[in-house]
Amino acid sequence: MNTEIKSIGKYPIRSRLGQGAMGQVYKVILPGENRFAALKVLKPGPDLINKMGMEWIYEQFIQEFKMLSDLRHPGLVSVWGLEQDDTLVYYVMEYFYRNLGLIMGESYWADRPSRVLRVEKAVGYILETLDGLGWLHRAGIVHRDIKPFNLMLTEADAIKITDLGLSRRRGERPAGPGNVMIGTPYYAAPEQVAAPEKADHRADLYSMGVMLYRMLTGILPQQPLKRPGALNPELDDGWDELILKSIHPDPDKRFQDAESMSHEIRTRYRDFSRQKQAACNLADDSGRRITKEESGPVLLRSVAERVPANRAASVFQIDEYHRPRQYLKNSFGAVTDGVMVDATTNLAWQQAGSESVLPWDQAHAYIFTLNRRKFGGYENWRLPTVNELLSLLNPPPPGEDFCFQSAMSSVQKWIWSGDTRSKRAAWFMDGEMGFVASGDILDGFHVKAVCSV
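One structure accompanies this document, and this report is about it.

Reading the values: rules and limits
Residues numbered from 1 in each chain as written. Predicted model: local features only at pLDDT ≥ 70, side-chain atom pairs only at ≥ 80, totals over all residues. Heavy atoms only, no water. Helix = DSSP H or I, 4+ residues; strand = E, 2+ residues; numbered from the N terminus. Buried < 20%, exposed > 50% of the residue type's maximum accessible area, 1.4 Å probe, protein only. Contact = heavy atoms within 4.5 Å. Areas by Shrake-Rupley, 256 points an atom, 1.4 Å probe, with all protein chains shown as cover. Pairing = 2+ DSSP bridges. Axes fitted to C-alpha atoms, helices over the stretch in contact; angles between N-to-C directions. Parallel < 35°, antiparallel > 145°, perpendicular 65-115°, else oblique. Salt bridge = Lys/Arg side-chain N within 4 Å of Asp/Glu carboxyl O. Nonpolar A, V, L, I, M, F, W, Y, C, P; charged D, E, K, R; others polar. Phe/Tyr/Trp six-rings, centres within 6.5 Å; stacked < 30°, edge-to-face > 60°. Lys NZ or Arg CZ within 6 Å of the ring centre and 35° of its normal. Expected span 1.5 Å × (residues − 1). Polar contact = N/O pair within 3.5 Å; in protein donor to acceptor, adjacent residues only side chain to side chain.

Remarks on the overall build of the protein
Alright, step 1. The number of helices and strands found in the protein is 12 helices and 17 strands.
Alright, step 2. Within the span of the protein, comprising 453 residues, buried residues form 51% of the whole.
Alright, step 3. Long-range pairs, those at least 24 residues apart, make up 66% of the contacts in the protein with a sequence separation of at least 6.
Alright, step 4. Summed over its atoms, the accessible surface of the protein is roughly 21,500 Å², and 51% of this surface lies on carbon and sulfur atoms.

Section: the sheet that holds strand E10 (residues 159-161)
Alright, step 1. Spatially, 3 strands are ordered E7-E9-E10 in an open sheet, and the strand pairing comes out antiparallel. Two strands close off the open sheet at either side, each with one partner strand: strand E7 (98-99) and E10.
Alright, step 2. As paired strands, strand E9 (residues 151-153) and E10 are joined by 3 bridges and run antiparallel to one another. Counted as the bridge partner of Leu153 is Ile159 from E10.
Alright, step 3. Across the sheet, helix H4 (residues 119-138) touches E9 and E10, and the angle it forms with E10 is around 40°.

A closer look at the packing of helix H6 (residues 201-217) against helix H8 (residues 237-246)
Alright, step 1. Closest axis-to-axis distance for the H6/H8 pair is 7 Å, and the angle between their directions is 140°. Regarding the angle of H6 to H8, the classification is oblique. For the pair H6 and H8, the contacting residues are Leu205, Tyr206, Gly209, Leu212, Tyr213 and Leu216 in the first and Leu242, Ile243 and Ser246 in the second.

Details of the environment of Gly218
Alright, step 1. Here Gly218 shows up in the loop between H6 and helix H7 (228-231).
Alright, step 2. Linking Gly218 and Asp111, residues 107 residues apart in sequence, is a C-alpha distance of 10.0 Å.
Alright, step 3. Ignoring sequence-local partners within four residues, the contact set of Gly218 consists of Pro113, Ser114, Arg115, Val116 and Tyr213.

Here we look at the pairing of strand E4 (residues 36-42)
In summary, the side chains of a regular strand alternate between the two faces of the sheet.
Alright, step 1. Within E4, 7 of the 7 residues are buried, which leaves it mostly tucked inside the rest of the structure.
Alright, step 2. Of the two faces of E4, the one holding Phe36, Ala38, Lys40 and Leu42 and the one holding Ala37, Leu39 and Val41 are both buried throughout.
Alright, step 3. Between strand E3 (residues 23-29) and E4, which pair antiparallel one after the other, the connecting turn spans 6 residues, and Gly32 there sits at a positive phi close to 75°.
Alright, step 4. Across 4 bridges, the pairing between E4 and strand E6 (residues 89-93) is antiparallel. Following the sheet pairing, Val41 is matched in E6 by Tyr90.

Digging into the pattern of salt bridges
Alright, step 1. According to the stated counting rule, one finds 25 salt bridges in the structure shown.
Alright, step 2. Its salt-bridge partner being Glu94, residue Lys160 comes within 3.8 Å of it at the nearest N-O pair. Residue Lys160 is located in strand E10, and its partner Glu94 is located in the loop between E6 and E7; the two are separated by 66 residues in the primary sequence.
Alright, step 3. Overlapping salt bridges bring together Arg98, Lys121, Asp157, Lys413 and Glu432 as one network.

Looking at the sheet that holds E3
Alright, step 1. Spatially, E1-E2-E3-E4-E6-E5 is the arrangement adopted by the 6 strands of the open sheet, whose pairing is antiparallel. With one partner strand each, in any of the chains shown, strand E1 (7-8) and strand E5 (79-84) form the two edges of the open sheet.

Here's the deal with the packing of H4 against H6
Alright, step 1. Contact pair H4 / H6: the axes reach a minimum separation of 10 Å and the direction vectors enclose 170°. Regarding the angle of H4 to H6, the classification is roughly antiparallel. On H6, the residues touching Val119, Ala122, Tyr125, Ile126, Thr129, Leu130, Leu133 and His137 of H4 are His201, Asp204, Leu205, Met208, Met211, Leu212, Met215 and Leu216.
Alright, step 2. A breakdown of the residues in the contact of H4 with H6 according to their chemical character gives 12 nonpolar, 3 polar and 1 charged.

Quick word on the packing of aromatic side chains
Alright, step 1. Following the criterion strictly, the structure yields 13 aromatic pairs and no others.
Alright, step 2. Ring pairing ties together the aromatic residues Phe36, Tyr95, Tyr97, Trp416, Phe428 and Phe445, which thus form one cluster.
Alright, step 3. When the ring centre of Phe36 is taken as reference, the NZ or CZ atom of Lys27 above it lies at 4.2 Å.
Alright, step 4. Positioned over the ring face of Trp414 is Arg98, at 3.7 Å from the centre of the ring.

Some words on helix H2 (residues 54-70)
Alright, step 1. Here H2 contains 17 residues, and its C-alpha end-to-end distance of 24 Å stays within 8% of the 24 Å for a straight helix at 1.5 Å per residue.
Alright, step 2. Buried within H2 are the following residues: Trp56, Ile57, Gln60, Phe61, Ile62, Gln63, Glu64, Phe65, Met67 and Leu68.

Here's the deal with the side chain of Asp342
Alright, step 1. Mapped onto the elements of the fold, Asp342 is located in strand E12 (residues 339-342).
Alright, step 2. Since its relative accessible area comes to 0%, Asp342 is described here as buried.
Alright, step 3. Only 2.8 Å separates the side chain of Asp342 from the backbone nitrogen of Ser331, close enough to count as a polar contact.
Alright, step 4. In this structure the side chain of Asp342 is engaged in a polar contact, spanning 3.0 Å, whose partner is the backbone nitrogen of Thr344.
Alright, step 5. Not counting the four nearest positions on each side in its chain, Asp342 is found in contact with Asn330, Ser331, Phe332 and Leu347.

This is the structure in structure tokens:
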């Protein structure tokens, strides 16, 4: 018998987004509105109930809601209301379909390698998070569970901190039993693991240092600790010193507040940017992509199909990071009427694409409009397959030629493919981070149309 719940209160459930220690988070439809929200329902596991007691868990859940509803900052997720019936307690908050864990490629097994981010991208995410975190700290709140999956991303790629279920106000006495692990393994500071009730705001900064280390190296800091520069050739001794300071086991030897950590990161990044620009001025554009030797144009899979997750690696030819196993060197001609033709693949592409993000059905309507207008002189536009989208990518860092600037518009960063994963999900490409993933067909991504020449 199918016991899957279809709704919670007045909110129809679209899917389950995740499971936390104290509850589950669902993607729900706001009644009477054509948009989603996230709904967090109190539903702790039996282990937590045995350790902490239901009364403490309930108080923590209510405290999380009150904190989120009282706090107003652009870097924090907004909540809209606490509701309760005879069996359930839940609240509704902003929904975001991306998070930093997805971008990094972090899996359920957190210690497995993840994607390496460009320095500028990692720094941007860290600085935005530190801004929101510093605001929390000044309000006397220690988050205690900073990790990639608790950092949501807006359509503008801005950070939103969520999940304050384990947070604690300064001076607040712990209500539950002591010596219970608070936080997430690998990201929790040593003093938080040893005595969670005594850990202060510097424990959050340790978690930030772990994230920075991981984003720039692709691995978690583990003993024996490797210098970040030994894992990523773009990082010099200055980066090593900064990152290792941020994850020092002694909180007195770390950064003492979010503002000082932000200041040092900004200073280090300015120096990095100047060095990078000097290198670009001396570089040429040769060898910027791996060249696939072919006697003629490379033929890519051009007919969209349903590709379940267990077939994605073989059909899309992607690795464990969901990135291409091999990169092509494009041969784009001049832009004509907003169209670029790649001689390597014999594909014509929109230089730009849709101005705004669109759900998948509207993406098809957008394609229909292009064909009706004979955009660029073509009338066989379509959504590209994943394989065609991946042909546009550069190799990822480290070793990336960061001087290369594509003639493609950079506005369309997350782009729908025509391939579906299921009735409710389709595949898309993150063109900035260079990987493929699947999303709900009611979520919004850009369109970059393609046609065969």
